[in-house]
Amino acid sequence: MDSDIFSTAIEGRSIVLQTATDVARFSFILQDSISYLDLKLRQDSRISDFRSLCNSCRSRRLRNFVNTEEKCRKFFAPKRRLLYTLHLDLPKGRECSLKDPVVTESEHYVPCCISAHIAEITLTCGFHEKNLSNFIEDALSINFPKDKLLKWVVKIPFWEVPLLSRLEIRTASKFIECFYPEVTDSALLNRFIVQFDVIEWMEEHEKPEILEYLLYHARLCGNIKIEDEHEIELISHCIYCHHYLNIGPILKYISDSTPTYDNYEDYLFKISSERPSLTENLIHKAAQSITLERICHMMQIIWIYIDTRLHGNSEAASEALRLIWCSVPDAYVTFEELKNVFGEAFSEEELMDMYGFYVRAIDEFYEFIEPRSLEHLCRTVLRRTFEENNLWIPDGICRTGLPKSLQSFLNLENPFSV
């Protein structure tokens, strides 16, 4: 027999799986043991597309559609048993499974809406993310045990894609809130945090109680490095997103806020977008004897001031500024410093308003640059020591056995008084 009469080209429809139900319905065609010819419909069948297939339950043609192994055996096995036994039903180059996405030279997938058989099976865009979100929402709706749900989720291989990116925003928010504060297994929560994108979640939510809950359990399991790809420290992220209430919990996880060069660039970009006259050359020209870190601290003050004028929330912003300056060992900023660096970009009246906002927040005023008090420097050293020893800072402070007033001072709550 002339082998040329057997075509190696395959014409067929493309099936797009959209839900978990679709996967169950068509799972048999993803098995290596089922070949292309196993899926062929009757010669007179003409089903236009997958949607009509799903919606045409009363159609006679639906009864002829092979979508289960039982139907496959019923329609084809009796007539083609010999071909199956001798593997003569496999066209050249089709020995691979239909689930293999690689198309060889001898395979030609030509989607055809009137073809009687399936040639290609694909997943709809966002299939895994949508179905994972649906599964979690269904589990939450039936009060599925929270710890069991969390254990199941952390076992899923997410590769380099964070868990938060795989969930719909609404689902991610529900999922985080569902196990707070019920789940107390720190090791389990630690595995979740490693897979979870805390930075992105902080950009969307201002929920200090839940953030503190996550950071607390992260600290109990050791020092987890939580930062974004640009190494912008957590406090600046909160400031960029106007989530000032999140700064308090963060300063129980880390001892202080150390601005980076990326912070400097971001603050410069944000301030110059509101005041174009502020340029990097202007700052460098006016600040020959000031460190980049100190300039960054001043820009942080200016941006928080501008942000409160744009979005309000001045009370939370003022408290955040107080916490930041209670945690750092740096000397307080003076008005003259602010004027020397930013005097050409802002009027003196504007700078006075900014400085007044800063003074009211820290409840301190200095005409000249002076070192911080010995009590404060001891506070920063102790807090850094607790962080370096992987302690939740309030727990470390409690272990010292110091009087309550001193513990409150170390926790950035109240000024120290003898």
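Only a predicted model underlies this, so the values are computations on that prediction, with no experimental measurement involved.

### Some details on the overall build of the protein
So, step 1. Summing up its helical and strand segments, the protein has 22 helices and three strands in all.
So, step 2. Per-residue burial for the protein yields a buried fraction of 46% across its 418 residues.
So, step 3. Working note: accessible area of the protein is about 22800 Å², and carbon and sulfur atoms make up 53% of it.

### Description of the environment of Leu188
So, step 1. Looking at the element boundaries, Leu188 is found in helix H9 (residues 186–195).
So, step 2. In the structure, Leu188 is positioned 34 residues away from Val154 in sequence and 8.1 Å away in space, judged by C-alpha atoms.
So, step 3. In this structure Leu188 touches Asp147, Leu150, Lys151, Val154 and Val183, once residues within four positions along its chain are discounted.

### Brief notes about the packing of aromatic side chains
So, step 1. All chains considered together, the criterion is met by 16 aromatic pairs.
So, step 2. On the numbers, 5.3 Å between centres and 70° between planes, the contact of Tyr240 with Tyr267 is edge-to-face. Taken together, the positions of Tyr240 in helix H12 (residues 234–240) and Tyr267 in helix H14 (residues 261–274) put the pair 27 residues apart, joining distant regions of the chain. Of the two residues examined, Tyr240 and Tyr267, each falls in the buried class.
So, step 3. Three or more aromatic residues joined by ring pairs form one cluster here, namely Trp325, Tyr332, Phe335, Tyr355, Tyr358, Phe365 and Tyr366.
So, step 4. Lying across the ring of Tyr253, Arg219 places its NZ or CZ 4.0 Å from the centre.
So, step 5. Above the face of the Phe409 ring, Arg379 is positioned so that its terminal group lies 3.9 Å from the ring centre.

### Brief notes about the nonpolar core
So, step 1. Judged by nonpolar contacts, the single largest core of 89 residues is most densely connected at Phe175, Phe179, Phe192, Trp325 and Phe342.
So, step 2. Among the elements that make up this core, the one with the highest residue count is helix H16 (residues 292–311) (ten residues).
So, step 3. Both domains that furnish three or more residues to this core are identified here as domain 2 (128–229) and domain 3 (261–362).
So, step 4. Counting residues in hydrophobic clusters, the runner-up holds five residues, among them Leu391, Ile393, Ile397 and Leu410.

### Remarks on helix H8 (residues 169–178)
So, step 1. Within H8, the full set of buried residues consists of Thr171, Ala172, Ser173, Phe175, Ile176 and Cys178.
So, step 2. Tucked into the core, H8 has its buried residues touching helix H5 (127–141), helix H6 (146–154), helix H7 (163–166), H9, helix H10 (198–204) and helix H11 (208–220).

### Here's the deal with unusual backbone geometry
So, step 1. Cis rather than trans, the peptide bond between Tyr180 and Pro181 has omega equal to -5°.
So, step 2. For Pro181, the location among the structural elements is in the loop between H8 and H9.
So, step 3. Despite not being glycine, His242 shows a phi value in the positive range, around 65°.
So, step 4. Relative to the helices and strands, His242 resides in the loop between H12 and helix H13 (247–253).
So, step 5. Classification of His242 as partly exposed rests on a relative accessible area of 27%.

### Some words on the pattern of salt bridges
So, step 1. This model, assessed by the stated rule, comprises eight salt bridges.
So, step 2. Here Lys174 ties to Glu137 by a salt bridge, and the two come within 3.5 Å at their closest N and O atoms. In this pair, Lys174 is assigned in helix H8 and Glu137 in helix H5, connecting sequence segments 37 residues apart.
So, step 3. Given the relative accessible area of 16%, Glu137 is considered buried.
So, step 4. A salt bridge links Arg322 to Glu319; the shortest N-O distance between them is 2.9 Å. Here Arg322 and its partner Glu319 are both found in helix H17 (residues 314–327), three residues apart, which amounts to about one turn of the helix.

Cut-offs used in this document
- Residues numbered from 1 in each chain as written.
- Predicted model: local features only at pLDDT ≥ 70, side-chain atom pairs only at ≥ 80, totals over all residues.
- Heavy atoms only, no water.
- Helix = DSSP H or I, 4+ residues; strand = E, 2+ residues; numbered from the N terminus.
- Buried < 20%, exposed > 50% of the residue type's maximum accessible area, 1.4 Å probe, protein only.
- Areas by Shrake-Rupley, 256 points an atom, 1.4 Å probe, with all protein chains shown as cover.
- Contact = heavy atoms within 4.5 Å.
- Phe/Tyr/Trp six-rings, centres within 6.5 Å; stacked < 30°, edge-to-face > 60°.
- Lys NZ or Arg CZ within 6 Å of the ring centre and 35° of its normal.
- Core = buried A, V, L, I, M, F, W, Y, C linked by side-chain atoms within 4.5 Å.
- Domains from an automatic or database assignment.
- Salt bridge = Lys/Arg side-chain N within 4 Å of Asp/Glu carboxyl O.

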